[in-house]
Amino acid sequence: MCGRYAVTTDPAKLAAELDAANEVPDLPAPEPPAQQTLDDVAAADEDKAPRSRWENYNVAPTTTILTVVDRHSHGAEGAEEDPTRRIRAMRWGLVPSWAKEIGKGSLFNARAETVSTKASFRSSVKSKRCLIPMDGWYEWRKATGDDGKQRKVPYFMSPADHTRLFMAGLWSVWRPKDADPSEPPLLSCTILTTDSVGRLREVHDRMPLIMPVQWWPEWLDPDAPAPAEFFAPPVPELVDDIEIREVSPLVNRVANNGPHLLDPVAT
């Protein structure tokens, strides 16, 4: 599965890298916690805090995240115009278009091998596929401590060369019943998972589905289904350069954030 990850890019940077249109609206800077003064914030250890709203070292379900889609201009679906690559912000935790309410974000993962048979995802599989950029993801492995008790040890998986990963995802458009037509709908997404391959199996039996760059045009194409082989586990060579390292249990608490979460635990 994939329940937490880290990402350090922002919409403008990602759009420039991918030659995409940035459709993420500007957001106001977050307010400091009530118990902190501005002097406290200025004096904080910069190595232990994200530098921007979009730099997040502990992304959890229901968070607003960045996604990559290919879409036609509004009202141009089915026309001769080619779809345009776009960066969009979406809620992590897919809300099906037919849902009566948002729910609690349980649809943050979808099994790639069965996703086309599930009512919550069937529509999205056909024409709403996306990419979710990340620097790496966390997973937990069961271990027995010196006291004989079972505990979950967090690990971080990321490319050794620090390149960015793009995971396969699905997205949906949802509006509440009797919504004001002038209000924008909720865009939400889920990350596809598959059987782990190679050394990643030592940590967990599931992993997010990595989408190779050469498959992006077909995966993102809103006018055609994706080939069946795109839903299969990646070839082992695709994960050969992924580094696995044990990290601090600080990541277990969603409120903790900052680059220190990625520091390897001394063994």
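What counts, and at which threshold
- Residues numbered from 1 in each chain as written.
- Predicted model: local features only at pLDDT ≥ 70, side-chain atom pairs only at ≥ 80, totals over all residues.
- Heavy atoms only, no water.
- Helix = DSSP H or I, 4+ residues; strand = E, 2+ residues; numbered from the N terminus.
- Buried < 20%, exposed > 50% of the residue type's maximum accessible area, 1.4 Å probe, protein only.
- Contact = heavy atoms within 4.5 Å.
- Areas by Shrake-Rupley, 256 points an atom, 1.4 Å probe, with all protein chains shown as cover.
- Pairing = 2+ DSSP bridges.
- Axes fitted to C-alpha atoms, helices over the stretch in contact; angles between N-to-C directions.
- Core = buried A, V, L, I, M, F, W, Y, C linked by side-chain atoms within 4.5 Å.
- Salt bridge = Lys/Arg side-chain N within 4 Å of Asp/Glu carboxyl O.
- Arc of directions from axis to C-beta.
- Polar contact = N/O pair within 3.5 Å; in protein donor to acceptor, adjacent residues only side chain to side chain.
- Patch = residues over 30% accessible without salt bridge, like charges linked within 9 Å, V, L, I, M, F, W, Y side chains within 5 Å.
- Lys, Arg positive; Asp, Glu negative; His and termini not counted.
- Charge placed at Lys NZ, Arg CZ, Asp CG, Glu CD.
- Phe/Tyr/Trp six-rings, centres within 6.5 Å; stacked < 30°, edge-to-face > 60°.

Asks: Hey, could you go over the overall build of the protein chain for me, with residue numbers and the actual values?
Replies: Check the secondary structure of the protein chain and you find 4 helices and 13 strands. Expressed as a percentage of the 267 residues in the protein chain, the buried residues total 45%. By sequence separation, contacts in the protein chain at least 24 residues apart represent 69% of the contacts at least 6 residues apart. Of the roughly 14600 Å² of accessible surface on the protein chain, a fraction of 51% belongs to carbon and sulfur atoms.

Asks: Break down unusual backbone geometry for me, citing the residues and quoting the values.
Replies: The backbone phi angle of aspartate 19 is positive, close to 55°, even though this residue is not glycine. Note on placement: aspartate 19 falls in the loop between helix 1 (11-18) and strand 2 (21-22). Positive phi is not limited to glycine here, since threonine 62 has a value of about 80°. If you trace the backbone, threonine 62 turns up in the loop between strand 3 (56-59) and strand 4 (64-71).

Asks: So what's going on with the sheet that holds strand 3? Residues and values would help.
Replies: Across the sheet, 5 strands lie side by side as 3-1-8-9-13; this open sheet has antiparallel pairing. At either margin of the open sheet sits one strand with a lone partner, and together these are strand 3 and strand 13 (242-246). The sheet shows a mean angle of 30° between the axes of neighbouring strands, taken without regard to direction.

Asks: Can you lay out the nonpolar core for me, pointing to particular residues and giving the numbers?
Replies: Tyr5, Met134, Trp137, Met157, Ile191 and Leu200 are the most contacted members of the largest nonpolar core, which totals 30 residues. Where this core is concerned, the elements lending two or more residues are strand 1 (5-7), strand 4, strand 5 (84-92), strand 7 (129-134), strand 9 (150-159), strand 10 (165-174), strand 11 (186-195) and strand 13. Setting aside its immediate chain neighbours within four residues, methionine 157 contacts Gly136, Trp137, Tyr138, Glu139, Leu200, Val203, Ile242, Glu243 and Ile244. Counting 28 residues, the second-largest nonpolar core is a separate cluster that includes Phe166, Leu170, Met211 and Ala226.

Asks: Go over the pairing of strand 11, please, and point to the residues and values.
Replies: With 8 of 10 residues buried, strand 11 is to be regarded as a mostly interior element. Sheet analysis places strand 5 next to strand 11, joined by 2 bridges and oriented parallel. Across the sheet, arginine 91 pairs through a bridge with serine 188, a residue of strand 11. Relative to strand 11, strand 6 (residues 109-111) runs parallel, the two sharing 3 bridges.

Asks: Account for the pattern of salt bridges, naming residues and giving values.
Replies: Using the criterion set out here, one finds 9 salt bridges in the structure. The partner of aspartate 195 in a salt bridge is arginine 206, and the shortest N-O contact between them spans 2.9 Å. Taken together, the residues span a long stretch of sequence, with aspartate 195 in strand 11 and arginine 206 in strand 12 (residues 206-208) at a distance of 11 residues. Given a relative accessible area of 40%, aspartate 195 falls into the partly exposed group. Each member of the salt-bridge network shares a partner with another, and the members are Arg111, Glu113, Asp195 and Arg206.

Asks: I'd love a proper account of helix 1, names of residues and values included.
Replies: Among all positions in helix 1, only Pro11, Leu14, Ala15 and Leu18 are buried. Here the buried residues of helix 1 occupy an arc of 100° about the axis, which is enough to place them on one side. Tucked inside the fold, the buried residues of helix 1 contact strand 2, strand 4, strand 5, strand 7, strand 10 and helix 4 (216-220). Capping the start of helix 1, aspartate 10 holds a side-chain oxygen 3.2 Å from the backbone nitrogen of alanine 12, two or three residues further along. Among the residues trailing helix 1, aspartate 19 stands out with phi positive, at a value near 55°.

Asks: Explain a negative patch on the surface to me, and be specific about the residues and the numbers.
Replies: Taken together, the side chains of Asp161, Glu237, Asp240 and Asp241 present a region of like negative charge at the surface. With respect to the helices and strands, aspartate 161 occurs in the loop between strand 9 and strand 10.

Asks: Can you explain the packing of aromatic side chains? Please cite residues and give values.
Replies: In the structure shown here, the tally under the stated rule is 7 aromatic pairs. For the ring pair tryptophan 92 and phenylalanine 108, a centre distance of 5.8 Å and an interplane angle of 85° mean the geometry is edge-to-face. Residue tryptophan 92 is found in strand 5, and its partner phenylalanine 108 is found in the loop between strand 5 and strand 6; the two are separated by 16 residues along the sequence. Note on tryptophan 92: relative accessible area 0%, which makes it buried. Judged by its relative accessible area of 18%, phenylalanine 108 is buried. Note on tyrosine 138 and tryptophan 140: the rings are 6.4 Å apart at their centroids and 40° apart in plane angle, and the pair reads as tilted.

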